[in-house]
Amino acid sequence: MKRCLGYILMTAMACAMMTYYFMAPLSADVSLRLNSITAPFSSQEMPWWRQVLCEGINQQGFRLTELPWLLRDVTPNATDDNIFLVETACKTTPSFRVWCAVESWSRQNPSSQVWYVMTSLTVNDTDGLVSRLQEEYKNLRIVGADVEKIFKGTGLNNLFSSRKWIIKAKWPPVKLSDMLRVALVWRWGGFYTDTDTVCIKDVSPLRNIISFSDSKLNKISNGAFQFQQHHKFLELLMDVQTKSFAPGSWGSLGPAAVTAVAKRMCNTTDFRKLPGDKNEPLVCGDLSLLPQKYLLPLPWTEYSRLFAKGTGEKFFSQFNSTYVIHLFSAMSRKRKLHIGDNSIYEIAAKHFCPVTFQHATANSDFF
């Protein structure tokens, strides 16, 4: 009996030693790989702009996927067929509505390369949606951004490097977004769009365009635009953004700057005085100013209609001239899409971001 007990004890000790010997290196290796995903930079080597933007942001996630870096690992071709969306607040887990936007642009523009450019460098794929979208849309590239490299050599490099936009200004992520969208399109050409949109039509016919933000034709939006690489409009815009930057102003790098450059290129102080049908694009050389119906069919004051019951019943006839639906997330982010209400946004999401819509509503009546 004693011999049996001794044999069992010795066997158990041997198993424990073997487990420790073989498993300890594996555990260390797993730990290292997890650390490399959840903390891609140490505080000492993290760029100054990311230290400020990402301060207080929880970068942890059950399944964070490390992203390829723009310019380091992958570089877009210079082409009108690029489409850029950006995330500038260090979020590893964009909302379903953001993924709906990303999907809709990838789905409706199969001949374009769609670039979702993120400042977080990792993306949370715990629920598998990111993987599903990348499998479904081969033209979708989700990438991290070393924005210092992107701005280098552009007309915005001095403003970016001055740090005024992040130290003395309100809303640094908004300021960075206003600059980054211009730098990306200037570098490689293509379309820029905000992430609170749904693309409902191929935008390839739209070239060198900006859009009026309302029917009064007195302001230009910077929420969606398209330009050829190194277009004069973008050159002038970067100069105006640098010279007219106002730290306390929400739109000094955005709509205000875009409107000023458009007036300069059209040689006017009042867009309403330009010749042509105001319900059709107004042309100033190689710049086209689109009426609201193309990219901003509803004014921001009517954003609630997007979620109202029954408003989507005549969706396709109502938006037959429209390329993009804009959600105005600054106002609508707390509004819920109720499944079965046949709202404008529900119809748009069902048809143009079906993977995201199915994923988001699998266990919920809201979106």
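Here's what I pulled together on the structure shown here. (Residues numbered from 1 in each chain as written. Predicted model: local features only at pLDDT ≥ 70, side-chain atom pairs only at ≥ 80, totals over all residues. Heavy atoms only, no water.)

**A closer look at the side chain of Ser 252**
Alright, step 1. Topologically, Ser 252 is positioned in the loop between helix H9 (232-244) and helix H10 (255-266).
Alright, step 2. Of note is the side chain of Ser 252, whose polar atom sits 3.2 Å from the backbone nitrogen of Ala 246.
Alright, step 3. Ser 252 has contacts with Ser 244, Phe 245, Ala 246 and Ala 257, leaving out every residue within four places of it along the chain. (Helix = DSSP H or I, 4+ residues; strand = E, 2+ residues; numbered from the N terminus. Polar contact = N/O pair within 3.5 Å; in protein donor to acceptor, adjacent residues only side chain to side chain. Contact = heavy atoms within 4.5 Å.)

**Considering the sheet that holds strand S6 (residues 140-145)**
Alright, step 1. With respect to topology, nine strands assemble into an open sheet ordered S2-S6-S4-S3-S7-S10-S9-S12-S11, the strand pairing being mixed. Lying at the two open borders of the sheet, with one neighbouring strand each, are strand S2 (69-70) and strand S11 (282-284).
Alright, step 2. One ladder, built from six bridges, connects strand S3 (residues 82-87) with strand S4 (residues 113-118); its direction is parallel. Residue pairing for S4: Val 86 is matched across the bridge by Val 117.
Alright, step 3. Helix H3 (residues 96-108) contacts S3, S4, S6 and strand S7 (190-193) of the sheet and is inclined by roughly 155° relative to S4. (Pairing = 2+ DSSP bridges. Axes fitted to C-alpha atoms, helices over the stretch in contact; angles between N-to-C directions.)

**Some remarks on the pairing of strand S12 (residues 287-290)**
Alright, step 1. Judged by which residues are buried, S12 turns out to be covered on both faces: Leu 287 and Leu 289 on one side and Ser 288 and Leu 290 on the other are all buried.
Alright, step 2. In this sheet, S12 lies alongside strand S9 (residues 209-212) in parallel orientation, the contact comprising three bridges. Bridge pairing links Ser 211 to Leu 290 in S12.
Alright, step 3. Bridge count for S11 against S12 is three bridges, and the pairing is antiparallel. Each bridged residue has a counterpart across the sheet, and for Val 283 the counterpart in S12 is Ser 288.
Alright, step 4. Hairpin remark: S11 followed by S12, antiparallel, with two residues in the connecting loop; positive phi at Gly 285, about 65°. (Buried < 20%, exposed > 50% of the residue type's maximum accessible area, 1.4 Å probe, protein only.)

**A few points about the packing of H3 against helix H14 (residues 344-352)**
Alright, step 1. Between H3 and H14, whose axes approach to 9 Å, the crossing angle comes to 55°. In terms of orientation, H3 and H14 fall into the oblique class. In the crossing of H3 with H14, the sense of the turn from one axis to the other is left-handed. Residues Arg 97, Cys 100, Glu 103, Ser 104, Arg 107 and Gln 108 of H3 touch H14, and the partners they reach there are Tyr 345, Ala 349, His 351 and Phe 352.
Alright, step 2. Split into classes, the residues belonging to the contact of H3 with H14 amount to four nonpolar, three polar and three charged. (Parallel < 35°, antiparallel > 145°, perpendicular 65-115°, else oblique. Left-handed = near helix turned anticlockwise from the far one by under 90°. Nonpolar A, V, L, I, M, F, W, Y, C, P; charged D, E, K, R; others polar.)

**With respect to the pattern of salt bridges**
Side chains carrying opposite charge are able to pair once their charged atoms draw close together.
Alright, step 1. One pass over the full model with this rule turns up 10 salt bridges.
Alright, step 2. Measuring nitrogen to oxygen at the nearest pair gives 3.5 Å for the salt bridge that ties Asp 80 to Arg 207. Of this pair, Asp 80 sits in the loop between S2 and S3 while Arg 207 is found in the loop between strand S8 (197-199) and S9, placing the two residues 127 residues apart along the sequence.
Alright, step 3. A relative accessible area of 23% means that Asp 80 is categorised as partly exposed.
Alright, step 4. We classify Arg 207 as partly exposed; its relative accessible area is 28%.
Alright, step 5. A salt bridge links Lys 350 to Glu 346, with the nearest nitrogen and oxygen atoms 3.4 Å apart. With a gap of four residues between them, Lys 350 and Glu 346 both fall in helix H14, about one helical turn apart.
Alright, step 6. When its relative accessible area of 37% is taken as the criterion, Lys 350 is described as partly exposed.
Alright, step 7. Here the residues in one salt-bridge network are Asp 80, Asp 81 and Arg 207, joined through shared partners. (Salt bridge = Lys/Arg side-chain N within 4 Å of Asp/Glu carboxyl O.)

As far as function goes, none of this settles anything; it's purely spatial.
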